[in-house]
Structure formats: C-alpha cells, structure tokens
Amino acid sequence: MKKVNKSLLSARNIATLGVLLALVIVLQAFGGSFSIGAVTLNFSLIPIVLGALTLGPVAGAVLGFANGVVVLIQVIQGISPFYVLIWTYSPVVTTLICLLKTTIAGGVAGLVFRLIAKKNGYVATFVASALVPVINTALFVLGCLCMPDTINMMNADGVNIFVFICVGLVTFNFFIELAINLVVAPALHTVYRVVEKQFYAGKARRKGELQEENK
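Predicted model, so just to flag it, every value in this text is computed and none were measured.

### Overview of the overall build of the protein
Helices and strands together make up the secondary structure of the protein, namely 8 helices and 2 strands. In the protein, the succession of helices and strands from N to C terminus is α-α-β-β-α-α-α-α-α-α. When contacts within the protein are restricted to residue pairs at least 6 apart in sequence, those whose partners lie at least 24 apart make up 69%. A total accessible area of about 11,500 Å² is found for the protein, and carbon and sulfur atoms account for 72% of it.

### Details of the environment of Ser 90
You can see Ser 90 is positioned in the loop between helix H5 (81-89) and helix H6 (91-117). Assessed through its relative accessible area of 10%, Ser 90 is described here as buried. Separated by 56 residues in the primary sequence, Ser 90 and Cys 146 place their C-alpha atoms 9.8 Å from one another.

### Quick word on the nonpolar core
Nonpolar side chains in soluble globular proteins tend to end up buried together. Judged by nonpolar contacts, the single largest core of 24 residues is most densely connected at Ile 48, Leu 63, Ala 109 and Val 132. Taken together, the elements giving at least two residues each to this core come down to helix H2 (11-31), helix H3 (45-55), helix H4 (57-77), H6, helix H7 (121-145) and helix H8 (161-214). Ranked by residue count, the leading element in this core is H3, at 8 residues. The residues touching Ala 109, leaving out its near neighbours within four places in the chain, are Ala 52, Ala 128, Leu 131 and Val 132. Among the nonpolar cores identified, the runner-up in size contains 12 residues, and Val 71, Leu 72, Val 93 and Met 147 belong to it.

### Here we look at the environment of Ile 135
Looking at the secondary structure, you find Ile 135 in helix H7. Measuring from C-alpha to C-alpha, the distance between Ile 135 and Gly 106 comes to 8.9 Å, with 29 residues separating the pair along the chain. Those residues in contact with Ile 135 that lie beyond four places of it in its chain are Lys 101, Ile 104, Ala 105 and Val 108.

### Notes on H3
Among the 11 residues that make up H3, 11 are buried, leaving the element largely enclosed by the rest of the structure. Looking at the residues trailing H3, positive phi occurs at Gly 56, about 105 degrees.

### Considering the side chain of Thr 54
As for its placement among the helices and strands, Thr 54 is situated in helix H3. A polar atom in the side chain of Thr 54 sits 2.7 Å from the backbone oxygen of Leu 50.

### Concerning the state of the cysteines
Following the criterion strictly, the structure yields 0 disulfides and no others. Cys 144 carries a free sulfur, and the closest cysteine sulfur to it, the one in Cys 146, is 9.1 Å from it.

### Digging into the packing of H6 against H7
Remark: H6 packs on H7, axes separated minimally by 8 Å, with the N-to-C direction vectors making an angle of 160 degrees. When the axis of H6 is compared with that of H7, the two are roughly antiparallel. Here the hand of the crossing between H6 and H7 comes out right-handed. Its residues assigned to classes, the contact of H6 with H7 shows 21 nonpolar, 5 polar and 1 charged.

### Looking at a nonpolar patch on the surface
On the surface, a cluster of nonpolar side chains totalling about 350 Å² of accessible area is made up of Val 92, Leu 96, Leu 100 and Ile 104. Positionally, Leu 100 belongs in helix H6. We classify Leu 100 as partly exposed; its relative accessible area is 42%.

### Concerning the confidence of the model for the protein
Of the residues in the protein, 67% have a pLDDT of 70 or more, and the chain-wide mean is 77. Within the protein, no element has a lower average pLDDT than helix H1 (residues 2-8), which sits at 50, and none a higher one than H6, at 93.

### Here's the deal with H7
For H7, spanning 25 residues, the distance from its first C-alpha to its last is 36 Å, which sits close to the expected 36 Å at 1.5 Å a residue. Two or three places before Tyr 122, at the opening of H7, Asn 120 has a side-chain oxygen 3.0 Å from that residue's backbone nitrogen.

Rules and cut-offs
- Residues numbered from 1 in each chain as written.
- Predicted model: local features only at pLDDT ≥ 70, side-chain atom pairs only at ≥ 80, totals over all residues.
- Heavy atoms only, no water.
- Helix = DSSP H or I, 4+ residues; strand = E, 2+ residues; numbered from the N terminus.
- Contact = heavy atoms within 4.5 Å.
- Areas by Shrake-Rupley, 256 points an atom, 1.4 Å probe, with all protein chains shown as cover.
- Buried < 20%, exposed > 50% of the residue type's maximum accessible area, 1.4 Å probe, protein only.
- Core = buried A, V, L, I, M, F, W, Y, C linked by side-chain atoms within 4.5 Å.
- Polar contact = N/O pair within 3.5 Å; in protein donor to acceptor, adjacent residues only side chain to side chain.
- Disulfide = S-S within 2.5 Å.
- Axes fitted to C-alpha atoms, helices over the stretch in contact; angles between N-to-C directions.
- Parallel < 35°, antiparallel > 145°, perpendicular 65-115°, else oblique.
- Left-handed = near helix turned anticlockwise from the far one by under 90°.
- Nonpolar A, V, L, I, M, F, W, Y, C, P; charged D, E, K, R; others polar.
- Patch = residues over 30% accessible without salt bridge, like charges linked within 9 Å, V, L, I, M, F, W, Y side chains within 5 Å.
- Salt bridge = Lys/Arg side-chain N within 4 Å of Asp/Glu carboxyl O.
- pLDDT = per-residue confidence, 0-100.
- Expected span 1.5 Å × (residues − 1).

Shown next as structure tokens:
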C-alpha cells in the first residue's frame, strides 16, 4: 500500500490526476452527457476508466467520486428529469446513488486491472473499461430498487419507473455507454502509454547525452 501511495503522489501522477479530474468535471457538467428523451448518456465515465487504468484504484475512486458530486449538483438543480423524479421520492437514496456508483466503479476497475494486467495487459484494459459502466449501471438500478414502492412509481408520462429502468436504462443507455467505453478508453490508454514511453525514452537519451558531454 505504501508503494501505491508514493506512486500516486509523484509529480507526474498528480498532474495526470489533475487533468483527468478536470475532464471529469468539464465533461459531466458541460459536454460529456446528452439526453435522448429521458435517457442521459454519460461520456464522463471515460476519464474515470483512464484514471483507473493509468493511476490505479485510488485514482479511479477519486475521479468517480468527483463525477458523483457533479451529478448530485445537477440533480439538485433539476437538470435530469429522471433524477428529479427519484430525488422527489427519496433524496437520501438518490444522494447515495450519485456519490457511490461511480466511486465504487472506478475503484473496482482499478483493482481488477492491476490483477489481470499481471497476466495480460490487453485483456485487463478491456475488462476494466467494461467494468465501469457495468458497475455504474448495476448500482444505479439497485439503488433505485431500494427506494420505497419503486415498482409502482410512475413518471409524468404515466410510464412505470421499474419498466423504464429495465428498458430505457439497462437495454439502451447501458449498452451505448459500454460500447463507448470499450472503444474510446482502451484507445486513449494505448496513446497514453505510447506517449509515456516516448517521453521516458527521450529523457533517458538526453541524460545519456549529458553524461557523454561531461566525460
């Protein structure tokens, strides 16, 4: 655990975490999600995945929590119609859903990536990329079902909330988010690794050149 903490607190990792944190906030607050009807597609999961892959479970959880805070603020402001509905029924459960679902998703994805990466880095990348939307959606659905009388709840259009969750969120919203994360997150992670290798190779080369000059 000490090695993990030291690694996370290095200047490079803090800078990377800061960039990803800014991306989470900007994407979630200003451009990372858009609505199709009552369904909201969330693209801010991508930097959470990247944080889990590049910096580990603690960073993934931190980025997930930041995402949850922004979502909660949006819920209180009444931006999402569905969240407004469940907020009306249970503010406490809605708050827990917002704060915990992406926090747990980011942390678990980072842990699983580290475990699987010891055997196969490519498989680990795709599994972790899939886990974030899977856990995010699963905890959201579970949280909604924990609300009193969820099965009988109806929205403004007279649609049963339980049916909407199963059809609108699980079948439509979830699979699109899953596809986006499986395509974009591994690609960006690969680019990050390539740039990182080039950076350290160039740094090592410059160090060698300086040593030669000083001889």
